Amino acid sequence: MTWKLQGISVEVAGQEIIIECDMLVGRHDDADILLQSAQVSRRHAVLICKNEQIVVQDLESTNGTFLNDERISQEAELQDQDVLQFAGVKFTVLAPVRSQTDLDGMPSIAERAAATAINANGMPQQVDIPKPAPIPANAPAQTAVSPTNGKKKSRKERRLERQKNIRVGLVSLMVLIILALMAWMWF
C-alpha cells in the first residue's frame, strides 16, 4: 500500500511524492522530501508509518505544519484527501486503495485462480484472451519502416551492391597477395 502527497502550491503543483516510512521533510540536504522554500525550516517535520497509517509530526518548525488549515503541535494521523501544509507549501494526501474487492466487485486473484480449470500438465484450460485496447482516433495511421525492413530492393540496387561487394573482395585479395609476397621476400 502506497501513500502519496500531491502538490497543490505553485512550486510543487502536480508533483506526486511517494511516502515511505519515516521521511524527513525540510530544506536541509539530508531531508527525504526536500522543499526549496525560504518559509520551510531545515528540519521541518517528519512523516512516520504506524500500522499501515501515516502520522505527521512537526519538528518545532518556525512557520508550522498544518493539517486541514489547523496548526499541529503533536502527532496527527493523515487521512485520504487531507490538506497537509509545511509553512506555505501545500499537498493533498492520497491514501492507498484498501483492497481488490473495492474495485467494482472485481474478484481477487485467488478467486480467479480457483475458477480456472487446470489440465494434467498443470496448464490452465479455457482461458479467455483479452481483446487489445482500441486505437485512439487521433493516433497516426502510419508506422515507421526501416529501409531494409519490408522493402524489396530493385534490380539496379542489387546489381550496385553486388558490384561493390566484388570490388571490396578484389581489393582484399590483392592486399593478401601483396602481404604474402612481402612475407616470402622477407624470409
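Since the model is a prediction, treat every value here as computed from it, not as a measurement.

**Looking at the sheet that holds strand 3 (residues 23-26)**
Right, so step 1: In spatial order, the strands read 4-3-5-6-9; together these five strands make up an open sheet with mixed pairing. Only two strands of the sheet have a single neighbouring strand rather than two, namely strand 4 (33-34) and strand 9 (76-77).
Right, so step 2: Note that strand 3 and strand 5 (residues 45-50) share three bridges and pair antiparallel. For V25, the partnering residue across the bridge sits in strand 5 and is A45.

**Looking at the packing of aromatic side chains**
Aromatic ring pairs are reported here in terms of the distance separating the ring centres and the angle at which the planes meet.
Right, so step 1: Overall, the coordinates contain one aromatic pair when judged by the stated rule.
Right, so step 2: Geometrically, the ring pair formed by F86 and F91 is edge-to-face, given 6.1 Å between the ring centres and 65° between the ring planes. In terms of burial, F86 and F91 fall into one category: buried.

**Section: the state of the cysteines**
Right, so step 1: Overall, the coordinates contain one disulfide when judged by the stated rule.
Right, so step 2: Residue pairing for C21: its cysteine sulfur links by disulfide to C49, the two sulfurs lying 2.4 Å apart. Across the S-S bond linking C21 and C49, the dihedral sits near -110°, which makes this disulfide left-handed. With C21 in the loop between strand 2 (16-19) and strand 3 and C49 in strand 5, the pair connects residues that are 28 residues apart, well separated along the chain.
Right, so step 3: You can call C21 exposed: its relative accessible area is 51%.

**Let's talk about the sheet that holds strand 7 (residues 65-67)**
Pairing between sheet strands relies on hydrogen bonds along the backbone, with the strands arranged either parallel or antiparallel.
Right, so step 1: Strand order in the open sheet formed by six strands is 2-1-11-10-7-8, and the pairing between neighbours is antiparallel. In the strand order of this sheet, the two ends are held by strand 2 and strand 8 (70-71), each with one partner.
Right, so step 2: Here strand 10 (residues 83-86) runs beside strand 11 (residues 89-94); their pairing, made up of four bridges, is antiparallel. Residue pairing in the sheet places F86 in a bridge with V89 of strand 11.

**Here's the deal with unusual backbone geometry**
Right, so step 1: Despite not being glycine, E52 has its phi angle at roughly 60°, a positive value.
Right, so step 2: Residue placement: E52 occurs in the loop between strand 5 and strand 6 (53-58).
Right, so step 3: With a relative accessible area of 58%, E52 lands in the exposed category.

**Things to note about a nonpolar patch on the surface**
Right, so step 1: The grouping of I166, L170, L173, I177, L181, W184 and M185 at the surface amounts to a nonpolar patch, some 810 Å² of accessible area in total.
Right, so step 2: Among the secondary structure elements, L173 is positioned in helix 2 (residues 155-186).
Right, so step 3: Classification of L173 as partly exposed rests on a relative accessible area of 47%.

**Comments concerning a positive patch on the surface**
Right, so step 1: A contiguous patch of positive charge, built from K152, R155, K156, R158, R159 and R162, is present on the exposed surface.
Right, so step 2: With respect to the helices and strands, the residue R162 is situated in helix 2.
Right, so step 3: R162 gets classed as exposed once you look at its relative accessible area, which sits at 51%.

**What to know about the nonpolar core**
Right, so step 1: By size, the foremost hydrophobic cluster in this structure holds 24 residues, and its most contacted members are L5, L35, L47, V56, L78 and L84.
Right, so step 2: Elements with a contribution of two residues or more to this core: strand 1 (3-7), strand 2, strand 3, strand 5, strand 6, strand 10 and strand 11.
Right, so step 3: It is strand 11 that provides the largest number of residues to this core, a total of three residues.
Right, so step 4: Apart from the residues lying within four places of it in its own chain, the contact partners of L84 are L5, L47, V56, T65, F66, L67, L78, V89, K90, F91 and V93.

**Focus: the pairing of strand 1**
Right, so step 1: Of the two faces of strand 1, the one lined by W3, L5 and G7 is fully buried and the one lined by K4 and Q6 carries no buried residue.
Right, so step 2: Bridging between strand 1 and strand 2 involves four bridges; their strand directions are antiparallel. Counted as the bridge partner of L5 is I17 from strand 2.
Right, so step 3: Here strand 1 pairs with strand 11 via four bridges, running antiparallel. Bridging across to strand 11, K4 finds its partner in L94.

About the thresholds
Residues numbered from 1 in each chain as written. Predicted model: local features only at pLDDT ≥ 70, side-chain atom pairs only at ≥ 80, totals over all residues. Heavy atoms only, no water. Pairing = 2+ DSSP bridges. Helix = DSSP H or I, 4+ residues; strand = E, 2+ residues; numbered from the N terminus. Phe/Tyr/Trp six-rings, centres within 6.5 Å; stacked < 30°, edge-to-face > 60°. Buried < 20%, exposed > 50% of the residue type's maximum accessible area, 1.4 Å probe, protein only. Disulfide = S-S within 2.5 Å. Patch = residues over 30% accessible without salt bridge, like charges linked within 9 Å, V, L, I, M, F, W, Y side chains within 5 Å. Areas by Shrake-Rupley, 256 points an atom, 1.4 Å probe, with all protein chains shown as cover. Salt bridge = Lys/Arg side-chain N within 4 Å of Asp/Glu carboxyl O. Lys, Arg positive; Asp, Glu negative; His and termini not counted. Charge placed at Lys NZ, Arg CZ, Asp CG, Glu CD. Core = buried A, V, L, I, M, F, W, Y, C linked by side-chain atoms within 4.5 Å. Contact = heavy atoms within 4.5 Å.

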